[in-house]
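# A look at the structure
Residues per chain are reported as follows:
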Amino acid sequence: MTDSKEQWPAALTARIAQVVKTRRGQLGMTTADLSSACDARGVPIAANTITKIEKGQRDSLKLEEAIVLAHALDLPLVALLIPLADQADIDLLPNVTIPVWEAAAWITGEDHLGEAPPSGSARAVLAVFREHDVDVRTALISTREAHNRRVQARQALGSARYEQLSRQAEELDRMAHEDCARLKAVRDQMRANGLQPAPLPAGLEFVEAPTSPISG
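Okay, so let's go over this structure. Just so we're clear, the structure is a prediction, and the values are computed from it rather than from any experiment. (Residues numbered from 1 in each chain as written. Predicted model: local features only at pLDDT ≥ 70, side-chain atom pairs only at ≥ 80, totals over all residues. Heavy atoms only, no water.)

### Focus on the environment of Gly-25
Its place among the elements puts Gly-25 in helix H1 (residues 8–27). A residue is classified by how much of its surface remains accessible, and Gly-25, at 52% relative accessible area, is exposed. Taking the C-alpha atoms as reference points, Gly-25 and Pro-197, 172 residues apart in sequence, are found 36 Å from one another. (Helix = DSSP H or I, 4+ residues; strand = E, 2+ residues; numbered from the N terminus. Buried < 20%, exposed > 50% of the residue type's maximum accessible area, 1.4 Å probe, protein only.)

Written out as structure tokens, the structure is:
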């Protein structure tokens, strides 16, 4: 735990500064490069300000500064705020010292110890978006596998493997259809609950096409 409430902001800023400096070096960026990247994202931070941050000459950071630095350095915001590899515990607040992973999970809204979040809570909404992301990935994989097996079956036409590959393609098609139907149903339910799912990636646009054979 930090020695005083007054010292905690400076300690937090120092942690962030070390991450910024290390990551900037990994990317081969100068302070001018990072300054330009922040400016391009709409939150200007002068190169000399970045130098002051890295040298510990700033006692605090604005929230928008932390967000743009993380984005410009291609870092998850949690990785900027929490030193995931350096220590077991962290002073999340002046009077709150907890394990590093618990702090990271709190920031990212992860379920604590697998407990279901209260319905309608912010954590519950985050859980819905995470489940949707899993459904998208699953549908992408199964659709791709079904397509590849159909191609293999066509290429094996006339050979001893044709029948086997055709049966496998049919089974994979069935699984892909079920995965896509689930995805569409989840997206429909999200909208019914006032949530806006992310656009479907290339390869799954057909799921919500007007002439789609997929039904929720």
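### Points about the layout of surface pockets
For the largest pocket, the calculated volume is near 330 Å³. Taken together, 20 residues make up the lining of the largest pocket; nearest its centre are Trp-8, Leu-12, Ile-16, Leu-81 and Leu-92. Only H1, helix H4 (63–72), helix H5 (77–81), strand E1 (89–93) and helix H6 (100–108) provide two or more residues apiece to the lining of the largest pocket. Sorting elements by how many residues they give to the lining of the largest pocket places H1 first, with six residues. (1 Å grid on protein atoms, 1.4 Å probe; cavity = no way out; pocket = protein on both sides within 12 Å on 5 of 7 lines; lining within 4 Å. Points joined across faces, edges and corners; volume = space filled by probe spheres on them.)

### Structural notes on a nonpolar patch on the surface
Together, Leu-63, Ile-67 and Leu-77 make up an exposed nonpolar region whose accessible area comes to about 270 Å². Here Ile-67 is to be found in helix H4. Taking relative accessible area as the criterion, Ile-67 reaches 42% and is therefore assigned partly exposed. (Patch = residues over 30% accessible without salt bridge, like charges linked within 9 Å, V, L, I, M, F, W, Y side chains within 5 Å. Areas by Shrake-Rupley, 256 points an atom, 1.4 Å probe, with all protein chains shown as cover. Salt bridge = Lys/Arg side-chain N within 4 Å of Asp/Glu carboxyl O.)

### Here's the deal with the packing of helix H2 (residues 31–40) against helix H3 (residues 47–54)
Axis separation between H2 and H3 bottoms out at 8 Å; the angle between their running directions is 115°. One way to sum up the angle between H2 and H3 is to call them roughly perpendicular. The element H2 and its partner H3 pack so that their crossing is right-handed. Between H2 and H3, the contacting residues are Thr-31, Ala-32, Leu-34 and Ser-35 on the first element and Ala-47, Ile-50, Thr-51 and Glu-54 on the second. (Axes fitted to C-alpha atoms, helices over the stretch in contact; angles between N-to-C directions. Parallel < 35°, antiparallel > 145°, perpendicular 65-115°, else oblique. Left-handed = near helix turned anticlockwise from the far one by under 90°. Contact = heavy atoms within 4.5 Å.)

### Observations concerning H4
At 3.6 residues per turn, the α-helix brings residues three or four places apart onto the same side. Listing the buried residues of H4 in full gives Glu-65, Ala-66, Val-68, Leu-69, Ala-70 and Ala-72. Buried-residue contacts for H4 involve H1, H2 and H5.

### Focus: the environment of Val-186
Mapped onto the elements of the fold, Val-186 is located in helix H8 (residues 162–192). For Val-186, a relative accessible area of 18% corresponds to the buried category. Taking the C-alpha atoms as reference points, Val-186 and Ser-121, 65 residues apart in sequence, are found 18 Å from one another. Discounting chain neighbours no more than four positions away, the residues touching Val-186 are His-132 and Asp-135.

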